[in-house]
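# Overview (structure and organization)
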Amino acid sequence: MSASPAIVTHSASAELRFRYATYLGDTSLILAQRLGEWVGHAPALEEDLALANIALDLLGQARYLLSYAGEIEGKGRSEDDLAFLRDPSDFSNLALVEQPNVDFGHTIVRQFLLDAWQLELFEKLQASSEPRFAELAAKALKETRYHYRFSAGWVVRLGDGTEESHNRVQAGLDALWRFTSEMFAPGAADEEAAAAGLGPDPASLRAAWLANVEQVLQTATLKRPADVPFRWFGKRHQHTDHLSHLLAEMQFMQRTYPGAQW
Amino acid sequence: MYTQGLDSLGADCLHQATDAVTLEQRFQSKVDADERIEPKDWMPDAYRQTLIRQISQHAHSEIVGMLPEGNWITRAPSLRRKAVLIAKVQDEGGHGMYLYSAAETLGISRDELIEQLLAGTAKYSSIFNYPTPTWADVGAIGWLVDGAAIMNQIPICRCSYGPYARAMVRICKEESFHQRQGFEIMMTLARGTAEQKRMAQDALNRWWWPSLMMFGPNDATSKHTAQSMRWKIKRFTNDELRQKFIDITVPQAEYLGLKVPDPDLRWDEQTQHYIHGPIDWKEFEDVLKGNGPCNRERLETRRRAHDEGRWVREAALAYAEKQRARDTQAA
Amino acid sequence: MSQQRKQWPLWEVFIRARSGLEHKHVGSIHAVDARMAIEHARDLYTRRQEGVSIWVVRSSDITASDPGEAEALFEPAKDKIYRHPTFYAIPDEVKNL
């Protein structure tokens, strides 16, 4: 799966655009699916609405990207074919987003780490040589700014709230931090996409992301966990056990009734 | 809204017109003239209590009503359906909030109301105590349950109590898509594979009678109807609305090619209405009393969300207090 | 049994539907501070593009007139009909008045 120079020279091949679109699309889709689990169960009615709003934005991004992926692939696969009929090993979402909700603290940390990353990503993706990515990025950037406002606000509130909330959100941070390294790591579609001018170099997003995250964590009186050499990356199709469970549920209808229209 | 001023209100009003009878007459003539009653206006205590009961039941129904359909968010069969369903269930949460907000203008807090719900002392629409075993249930709920709800709610847009009427206007406007998406799901299923059609018919079989029960007991046995109509909280009787619902819905079922599960159902030329078979009020009573298929699960789910969310709500308050303390120190 | 637990305070929400229009009261939400109140108002009251601007204000900070005083406050304006243009009789042939 590593970026071989031979592939890079075919700048922005359809195959690469497909892989890049599914990488970004799967990441938005799987997080939307996780947030959807909250609807009706959030800590306050106001948060039910907020989480649903974020889920809808992410789902919109996923639909745009997966439709585009299907189009560029040219095999007649629709957004639904890609979402519901691929196996876990075909998904290339960041492993971070498939991690379970656990509690509101974990959910907020997961959201915050991802939002901060999407902020940098979409900002730069606006300059993509592929107009469809640039268009998506411009729209998604606005959505992400709000998601970030929401999640960063809650990280601070929970971190600097009560002892219990502090401990819970710190636990979420400690559990999830290892999944952030893949956001910036080489060796997957995003690196090739960068070489082809489709998107930003993943490594280039790290400095701004980290500065942002560290500042919020500091305000929240939270401790940034140490970086660990964690190398199992969802974007290289190396998933945790959570993804197959998530997909079993999400894909249930399409798998049970093949070929039916809904 | 404006709950703060309510405590002192009674005394002030009595200054102006000492005679409770006069106040009551003035109130009723305002209602009769189709004027709206607003939060700080004088109102009979029974009117206030009736409204609190009705609005909060309505709010609880929206919140509990998120659960049966929410059950399908993670399993919706297409991304489009998933988005629609999230937006719909989210709307229900929003509608619950509009309604709690209207109830709060009557001098009771949302927390008190939610406590009543979780303690099992407040009622909510018994329809939400039925399960949603198949995807077709999402369609049937949108088509029938939302259809019945809209029928009930449209007259409340002209309710005498201003905040309730205004909340209802907003809700009715937003809900118009709910019923349509439900019908669209049913239509897709009815035109789909044999399995899908069977799924649709099965859902209609299970939701038809509970939907008719949503309009409440027969007029003859409904204890609140007369007073509520005099106060213009209610504008049509239960039976009138139920009849209207049946007359509209039966042809829709025919269009779908589905059979309404009522062997006695027939069109009556003379009255130009459908005549339906007897409703099993015993079932209605049982479900209302807590013995429906999902009463326990629904309340337990709400309680769990409430209990597991407590630390979050408390943390937000604690943080805001700290911030205020910091601000005053800095000033 | 119901011990006095603190709840998120109540805020009134005002929305400007389009630029050029005034902010209009739309309802209330609960939030711990102004930042959160704006977020909750946004998430609840602008799901269908109902607004371009939001005001929030603590409900307890609103002072409302007393309905018992409505007659004293508002009825004295009733007979000042000369404040309205229709009070004045101007011949039809005179234009631009």
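Residues numbered from 1 in each chain as written. Chains lettered and ligands numbered in written order. Predicted model: local features only at pLDDT ≥ 70, side-chain atom pairs only at ≥ 80, totals over all residues. Heavy atoms only, no water.

An unreviewed UniProt entry annotates chain C as 1,2-phenylacetyl-CoA epoxidase subunit B of Steroidobacter gossypii.

Chain B is annotated in an unreviewed UniProt entry as 1,2-phenylacetyl-CoA epoxidase subunit A from Steroidobacter gossypii.

### Points about the overall build of chain C
Counting its regular elements, chain C contains two helices and three strands. Along chain C, helices and strands appear, N-terminal first, in the series β-β-α-β-α. For 97 residues, the compact-globule estimate of 2.2 N^0.38 gives 13 Å, and chain C exceeds it by more than 25% at 22 Å. Summarising its shape, the C-alpha atoms of chain C cover approximately 70 × 35 × 15 Å along the three principal directions. Out of the 97 residues belonging to chain C, those deemed buried represent 31%. (Helix = DSSP H or I, 4+ residues; strand = E, 2+ residues; numbered from the N terminus. Rg over C-alpha atoms; globule rule 2.2 N^0.38 Å. Buried < 20%, exposed > 50% of the residue type's maximum accessible area, 1.4 Å probe, protein only.)

### Describing a nonpolar patch on the surface
All names here are of chain C. Together, Ile81, Tyr82, Phe87, Tyr88, Ile90, Val94 and Leu97 line one region of the surface with nonpolar side chains, adding up to about 740 Å² of accessible area. As for its placement among the helices and strands, tyrosine 88 is situated in the segment after helix H2 (70–74). A relative accessible area of 46% means that tyrosine 88 is categorised as partly exposed. (Patch = residues over 30% accessible without salt bridge, like charges linked within 9 Å, V, L, I, M, F, W, Y side chains within 5 Å. Areas by Shrake-Rupley, 256 points an atom, 1.4 Å probe, with all protein chains shown as cover. Salt bridge = Lys/Arg side-chain N within 4 Å of Asp/Glu carboxyl O.)

### Let's talk about the nonpolar core
With 198 residues, the main nonpolar core has A:Leu113, A:Trp117, A:Trp154, A:Trp209, B:Trp135, B:Tyr161 and B:Trp208 as its most contacted residues. Looking at which element gives the most residues to this core, the answer is helix H3 (residues 45–73) of chain A, with 14 residues. With sequence-adjacent residues up to four places away left out, A:Trp117 is seen in contact with A:Tyr23, A:Leu24, A:Thr27, A:Leu94, A:Met183, A:Phe184, A:Leu205 and A:Trp209. (Core = buried A, V, L, I, M, F, W, Y, C linked by side-chain atoms within 4.5 Å. Contact = heavy atoms within 4.5 Å.)

### Re the interface of chain C and chain B
Contacts between chain C and chain B engage 30 residues on the former and 32 residues on the latter. Regarding the contact of chain C and chain B, the summed buried area is about 2700 Å², with carbon and sulfur atoms giving 52% of it. Put simply, chain C and chain B have five salt bridges between them. The closest approach of N and O atoms between C:Arg48 and B:Glu174, which form a salt bridge, is 3.4 Å. Inspection of the region where chain C meets chain B yields 10 residue pairs in polar contact (both at pLDDT 80 or more). Taken together, the elements giving at least two residues each to the side of chain C that touches chain B come down to strand E1 (10–16), strand E2 (23–30) and helix H1 (34–45) of chain C. The dominant element in the side of chain C that touches chain B, judged by the number of residues it contributes, is E2(C), at six residues. Within the side of chain C that touches chain B, the residues separate by chemical class into 12 nonpolar, nine polar and nine charged. (Buried area = accessible area lost by both parts, 1.4 Å probe. Polar contact = N/O pair within 3.5 Å; in protein donor to acceptor, adjacent residues only side chain to side chain. Nonpolar A, V, L, I, M, F, W, Y, C, P; charged D, E, K, R; others polar.)

### Here we look at the confidence of the model for chain C
All names here are of chain C. Scored by pLDDT, chain C comes out at a mean of 91, with 95% of its residues at no less than 70. Here H2 stands out as the element of chain C with the lowest mean pLDDT, 91, in contrast to strand E3 (residues 53–58), whose mean of 98 is the highest. In the predicted complex, the global pTM is 0.93; the interface-specific ipTM is 0.95. (pLDDT = per-residue confidence, 0-100.)

### Brief notes about helix H2 (residues 20–32) of chain B
Residues and elements named next belong to chain B. Under the 1.5 Å per step criterion, the end-to-end length of H2 is 18 Å for 13 residues, consistent within 8% with the ideal 18 Å. Those residues of H2 that fall on the buried side of the exposure criterion are Leu23, Phe27, Gln28 and Val31. One face of H2 carries all of its buried residues, which in axial projection span an arc of 130°. (Expected span 1.5 Å × (residues − 1). Arc of directions from axis to C-beta.)

### Remarks on the pairing of E1(C)
All names here are of chain C. Counting buried residues along E1, six of its seven residues qualify, which places the element largely inside the surrounding structure. As defined by bridge partners, E1 adjoins E2 across seven bridges and the pair is classed as antiparallel. Opposite arginine 16, over in E2, you have histidine 23 as the bridge partner. Connecting E1 to the antiparallel partner E2 that follows it, the hairpin turn spans six residues, and glycine 20 within it adopts a positive phi of roughly 105°. Examined bridge by bridge, E1 and E3 share six bridges and lie antiparallel to one another. Bridge pairing links tryptophan 11 to arginine 58 in E3. (Pairing = 2+ DSSP bridges.)

### Side note on the interface of chain A and chain B
Listed per partner, the contact involves 47 residues of chain A and 44 residues of chain B. Between chain A and chain B the total buried area reaches about 4000 Å² when both faces are included, carbon and sulfur atoms providing 70% of it. Considering only the surface of chain A that becomes buried against chain B, A:Leu45, A:Asp160 and A:Trp262 emerge as the three largest contributors, covering 18% of it. There are three salt bridges connecting chain A and chain B. In this structure, the salt-bridge partner of B:Arg110 is A:Glu46, at a minimum N-O distance of 2.8 Å. Applying the counting criterion to the chain A and chain B interface returns 15 residue pairs in polar contact (both at pLDDT 80 or more). When contributions to the side of chain A that touches chain B are tallied by element, the ones reaching two or more residues are helix H2 (14–36), H3, helix H4 (79–84), helix H6 (104–125), helix H7 (131–159), helix H8 (163–176), helix H11 (241–250) and helix H12 (252–256) of chain A.

### What about the pattern of salt bridges?
All names here are of chain A. With the rule as written, the count across this model stands at 46 salt bridges over all chains. Residue arginine 19 is joined to glutamate 192 by a salt bridge in which the shortest nitrogen-to-oxygen separation is 2.6 Å. With arginine 19 in helix H2 and glutamate 192 in helix H9 (residues 189–195), this residue pair connects regions lying 173 residues apart in the sequence. Among the residues examined, arginine 19 registers a relative accessible area of 15% and is labelled buried. Judged by relative accessible area, which is 1%, glutamate 192 ranks as buried. Between arginine 224 and glutamate 214 there is a salt bridge whose closest N-O contact spans 2.7 Å.

### Thoughts on the packing of aromatic side chains
Summed over the entire model, instances satisfying the criterion amount to 28 aromatic pairs over all chains. Between the aromatic rings of B:Trp72 and B:Trp135, the centroid separation amounts to 6.1 Å while the plane-to-plane angle is 70°, which identifies the pairing as edge-to-face. In this pair, B:Trp72 is assigned in the loop between helix H4 (66–70) and helix H5 (79–104) and B:Trp135 in the loop between helix H6 (110–119) and helix H7 (136–153), connecting sequence segments 63 residues apart. Site record: aromatic cluster; members linked through ring pairs are A:Tyr20, A:Tyr23, A:Tyr68, A:Trp117 and A:Phe133. One Lys or Arg, B:Arg170, reaches over the ring of B:Tyr98 and ends 5.4 Å from the middle of that ring. One cation-aromatic arrangement involves B:Lys244 over B:Phe236; the distance from NZ or CZ to the ring centre is 5.7 Å. (Phe/Tyr/Trp six-rings, centres within 6.5 Å; stacked < 30°, edge-to-face > 60°. Lys NZ or Arg CZ within 6 Å of the ring centre and 35° of its normal.)

### Looking at the packing of H6(A) against H7(A)
All names here are of chain A. With their axes 7 Å apart at the nearest point, H6 and H7 run at an angle of 145° to one another. H7 is crossed by H6, and the crossing has left-handed handedness. Of the residues in the contact of H6 with H7, the class split is 19 nonpolar, six polar and three charged. (Axes fitted to C-alpha atoms, helices over the stretch in contact; angles between N-to-C directions. Left-handed = near helix turned anticlockwise from the far one by under 90°.)

### Quick notes on the sheet that holds E1(C)
Consider a sheet: its strands pair through backbone hydrogen bonds, and that pairing is either parallel or antiparallel. All names here are of chain C. Pairing within the open sheet is antiparallel, and its three strands lie in the order E2-E1-E3. Since the sheet does not close on itself, it has two edges, and those belong to E2 and E3, each with one partner. The mean angle between the axes of side-by-side strands here comes to 30°, regardless of whether they run parallel or antiparallel.

### Remarks on the side chain of A:Thr144
All names here are of chain A. Secondary-structure assignment places threonine 144 in helix H7. Residue class for threonine 144 comes out buried when judged on its relative accessible area of 0%. A distance of 2.7 Å separates a polar side-chain atom of threonine 144 from the backbone oxygen of alanine 140. Excluding residues within four positions of it along the chain, threonine 144 makes contact with Gln61, Asp115, Gln118, Leu119 and Phe122.

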